[in-house]
Structure formats: structure tokens, C-alpha cells
Amino acid sequence: MNPVDIFIDELPVNKKAIADQLRQLIHAMVPGVQEKFSFKIPFYHYFGMYCYINPVKDGIDLGICNGKKIADDFEHLEVKGRALIATVRLHSLHDIEAKQVAEILATAAIDKESVAKEKKRKK
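Owing to the predicted nature of the structure, the values given are computational and were not obtained by experimental measurement. (Residues numbered from 1 in each chain as written. Predicted model: local features only at pLDDT ≥ 70, side-chain atom pairs only at ≥ 80, totals over all residues. Heavy atoms only, no water.)

Participant: I'd love a proper account of the overall build of the protein, names of residues and values included.
Facilitator: Check the secondary structure of the protein and you find 4 helices and 5 strands. Secondary structure elements in the protein, listed N-terminal to C-terminal, are α-α-β-β-β-β-β-α-α. Computed over its C-alpha atoms, the radius of gyration of the protein comes to 14 Å, within 12% of the 14 Å expected for a compact globule of 123 residues. Judged by the C-alpha coordinates and their principal axes, the protein covers about 45 × 35 × 25 Å. (Helix = DSSP H or I, 4+ residues; strand = E, 2+ residues; numbered from the N terminus. Rg over C-alpha atoms; globule rule 2.2 N^0.38 Å.)

What follows is the structure in C-alpha cells.
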């Protein structure tokens, strides 16, 4: 088993279900995403650091790296005074759909890809 499998497997049942569903959604929404275990949590890389899954006291946070750029487009993304990252807190499997997680992931991936293309174009 890889470290992400072990990490998710060791979560409490409710958090495990959310984390597992998020993991599947990330892979489905972003072909080519790379899964790594960094900072003791699952991180996903797509043209750099893309997102992460972080268990918190009352659920799971999906952190979007550079999420501050898209936070105004999604009411459930919270910046909380951070410079770059925005998170959406998930308390149940229902929240994944209700809080537009697929749309957030797609928008964040498009942003990461366009930033990378722009950097490449400038070189």
C-alpha cells in the first residue's frame, strides 16, 4: 500500500468516505494529476501544487493551492486571510456535490494549466 492509501485507510469512517470520494473525484476531473504524500497529508500536483486533502476536527478540508484566485467565484471556498490557499470544508459526502467541489477542482485545474502555458510562452 502506498502512503496515501494508508493515510485514508486510517481515518475515522466518516472522514475516510469523504477523503476517498475526493481522491476519486480529483483523479477523474484532472487526468494526469500526480498524487503524493507531502506534509503528512495527500497532495495533488498538476502544473505544480494543485490541491490537498486535510482531515480537520469536524470534517475534511479540500485545500486549493492558488485558490484565492478563484475564491470569489465559489461561495464555499474560504481564504481565511491566507495569501494563496483557499479551502472548502466537507462534513459529509453530500457536501461534495452541494459545495460544487467538481466545479472548484475543474476551475482550479484550468487556472493552473493557463498559468503554466503563460509562463512557457513568456520564456
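Participant: A description of unusual backbone geometry should follow, citing residues and the corresponding values.
Facilitator: Glycine aside, a negative phi is what most residues show, and trans is what most peptide bonds show. In the Ramachandran plot, lysine 80 falls in the positive-phi region, its phi being about 55° despite a non-glycine side chain. Checked against the element boundaries, lysine 80 lands in the loop between strand E4 (59-64) and strand E5 (86-90). The class of lysine 80 is exposed, set by a relative accessible area of 52%. (Buried < 20%, exposed > 50% of the residue type's maximum accessible area, 1.4 Å probe, protein only.)

Participant: Talk me through the sheet that holds strand E3 (residues 49-56); I want residue IDs and the actual numbers.
Facilitator: Overall, antiparallel pairing links the 5 strands, which are arranged E1-E2-E3-E4-E5 in an open sheet. Since the sheet does not close on itself, it has two edges, and those belong to strand E1 (34-38) and E5, each with one partner. The sheet shows a mean angle of 25° between the axes of neighbouring strands, direction not considered. Docked against the sheet, helix H2 (residues 13-29) engages E1, strand E2 (41-45), E3, E4 and E5, running at close to 170° with respect to E3. (Pairing = 2+ DSSP bridges. Axes fitted to C-alpha atoms, helices over the stretch in contact; angles between N-to-C directions. Contact = heavy atoms within 4.5 Å.)

Participant: Talk me through the state of the cysteines; I want residue IDs and the actual numbers.
Facilitator: What is meant by a disulfide is a covalent connection between two cysteines, made through their sulfur atoms. Across all of its chains, the model carries 0 disulfides by this definition. Cysteine cysteine 51 shares no disulfide, and the gap to the nearest cysteine sulfur, in cysteine 65, comes to 7.0 Å. Among the residues examined, cysteine 65 registers a relative accessible area of 10% and is labelled buried. (Disulfide = S-S within 2.5 Å.)

Participant: Requested: an account of the side chain of histidine 45, with residues and values cited.
Facilitator: Along the chain, histidine 45 falls in strand E2. Beyond its immediate chain neighbours, meaning those up to four positions away, histidine 45 contacts Gly32, Val33, Gln34, Lys36 and Tyr50.

Participant: Kindly report on helix H4 (residues 101-122), identifying the contributing residues and their values.
Facilitator: Taking 1.5 Å per residue as the helical rise, H4 with its 22 residues ought to reach 32 Å, and the 32 Å between its terminal C-alpha atoms agrees with that figure. Of all the residues in H4, the buried ones are Val101, Ile104, Leu105, Ala108, Ala109, Asp111 and Lys112. Around the axis of H4, the buried residues are gathered within 160° of arc, so they sit on the same side. For H4, the exposed residues set more than 90 degrees away from the buried face come down to Ile110, Lys117 and Arg121. Contacts from the buried residues of H4 go to H2, E3, E4, E5 and helix H3 (93-98). (Expected span 1.5 Å × (residues − 1). Arc of directions from axis to C-beta.)

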